[in-house]
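Examination of the molecular architecture
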Amino acid sequence: MRRAPELLLPAGNLAKLNTAFDFGADAVYAGLPRYSLRARNNDFRLEQLAQGIESAHARGKQLFVAANVLPHNAKVNTFLADMAPVIAMKPDALIMADPGLIMLVREAWPQMPIHLSVQANTVNYAGVKFWQTLGLTRVILSRELGLEEIAQIRQQCPDMELEVFVHGALCIAYSGRCLLSGYFNHRDPNQGTCTNACRWDYKVHSAGESACGGVPRHDAGQTEYLLEEANRPGELMPIVEDEHGTYIMNSKDLRAVEHVARLVEIGVDSLKVEGRTKSAYYVARTAQVYRKAIDDAVAGKAFDPALLADLEGLANRGYTDGFLQRHHSHDTQNYLDGHSRARQSQYVGEVLNVVDGWARIDVKNRIAVGDKLEIIHPCGNQVIELQAMIDGDGQPVTVAAGNGVAVSIALPATLDKALIARLL
């Protein structure tokens, strides 16, 4: 049987930490705002971090502390003093990027395991070997690597732990080096072949001017335009503008669940999900999906395409497998798109408690009697048709309008940790 890689989930707060473990994570990562790359929307201070480490270890799980900031002098000056109480909590590793801070930790706490952050942009086996000579125990590989490149690194570095991102947000650039040329022309700026796509001459058209019959969008306060580059007449790229502006620089989100079996075969040690600021539903759904993908791959089972659809219910900017597989055939694209759209869902609420067979729901999106609901639970999911709802006074209601509403539905007491999605 193949060796199962660790499933590593984000922990934005203690509740999400426990959700990750409930739904199948082997480890989580969290960080203090001052030294991690999540200064905002980060509930972890020393007290919460201590509770998180204790909770993880009580379950036989691991917690890694992100200290992967690239600091200016002011943060270097306070780093050792601020990290001393963290080290005393005995986290399972620090995630770090800055060579200077790594040096300080190696000198002060030589037994502390250090994982090299993806921020260090490690893209080759020589880089992995360099960090291994400094005593680091794991390298989180750059997102810009393909599957075969990862396999080559594994072959050249057989005794170094390797971690790979499989889900979450993608940056449009790393370390100030633009990726537009790579996306548009397959010419990598970081290999000296940049086409300076950011400086090209672009013209903006109304979608109504499209030769392919496009219609301007004005729904929900949005307007769609088409972008045309001077040297590519007729190649119109859609962009959408709302009251906040356009999102032309947004990358699609990474979704590599279909590559888990190959990563298991390569021998990657950890598969990582990004998203410390995402919801508990995001944590639960990604943990559950990638847990199944890993378990199936280890057991030699075929990939279950229903997992693609399960991830569609998460808020996303559209999905891509990033650089893991550079070029897809039309057959592959149709396969991925077809299964992704086969069963879509929307997160609608969380079970707060179950009393006398009635589950109190904190409603996030509209639900109504007659809806098909997926009950998402660590012990397994089930689909039900919503037969009845009651409000806080025990009176029947047919519709719960959305966020801020609490209603109750009939569920067994064993589903007290359930999340609920509506099948569309």
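Everything discussed here concerns the structure shown above.
Reference entry: report on the structure contained in this document. (Residues numbered from 1 in each chain as written. Predicted model: local features only at pLDDT ≥ 70, side-chain atom pairs only at ≥ 80, totals over all residues. Heavy atoms only, no water.)

1. With respect to the pairing of strand β2 (residues 27-30)
Here is the rule we go by: Note on classification: 1.4 Å probe, protein chains only; a residue is buried when its accessible area is under 20% of the maximum for its type, exposed when over 50%, partly exposed between these limits. Secondary structure elements follow DSSP: runs of H or I of four or more residues count as helices, runs of E of two or more count as strands, with numbering from the N terminus. With the strands aimed away from the viewer, a crossover counts as right-handed if its path from the first strand over the helix to the second runs clockwise. For two strands to be treated as a pair, DSSP must find at least two bridges joining them.
The two faces of β2 match: Ala27 and Tyr29 on one face and Val28 and Ala30 on the other face are all buried. Tracing the backbone out of strand β1 (residues 6-10), into helix α1 (residues 14-22) and back to the parallel element β2 gives a crossover that is right-handed. Pairing geometry for β2 and strand β3 (residues 62-67), over four bridges, is parallel. Following the sheet pairing, Val28 is matched in β3 by Leu63.

2. With respect to the side chain of Thr19
As a reminder of what qualifies: Any two residues whose heavy atoms approach within 4.5 Å are treated as being in contact.
Within the secondary structure layout, Thr19 lies in helix α1. Look past the residues within four positions of Thr19 in its chain and what remains in contact with it is Ala280, Val283 and Ala284.

3. Things to note about the packing of aromatic side chains
The condition is simple: Aromatic contacts are taken between Phe, Tyr and Trp rings whose centres are within 6.5 Å, Trp giving its six-membered ring; a plane angle under 30 degrees counts as stacked, one over 60 as edge-to-face, and the others as tilted. Only lysine NZ and arginine CZ atoms are considered, and such an atom sits over a ring when it is within 6 Å of the ring centre and within 35 degrees of the ring normal.
Here the structure, examined in full by the defined rule, presents three aromatic pairs. Centre to centre, the rings of Phe130 and Trp131 are 5.1 Å apart; their planes meet at 75 degrees, and the pair counts as edge-to-face. By relative accessible area, Phe130 is classed as partly exposed at 45%. Residue classification places Trp131 among the buried positions, given a relative accessible area of 11%. Between Tyr281 and Tyr347 the ring centres are 4.3 Å apart and the planes differ by 5 degrees, which places this aromatic pair in the stacked class. Taken together, the positions of Tyr281 in helix α9 (residues 280-298) and Tyr347 in strand β17 (residues 345-355) put the pair 66 residues apart, joining distant regions of the chain. A residue is classified by how much of its surface remains accessible, and Tyr281, at 3% relative accessible area, is buried. Here the basic side chain of Arg143 rests over the ring of Phe165, its NZ or CZ set 3.9 Å away from the ring centre. If you follow Lys272 out to its NZ or CZ, it ends over the ring of Tyr29, 4.4 Å from the centre.

4. Here we look at the pairing of β3
Extensive coverage of β3 is indicated by the burial of five of its six residues. The pairing of β3 with strand β4 (residues 93-96) spans four bridges and is parallel. In the sheet register, Phe64 faces β4, and the bridge partner there is Ala93. Considered for its hand, the β-α-β crossover made up of β3, helix α3 (residues 73-88) and β4 is right-handed.

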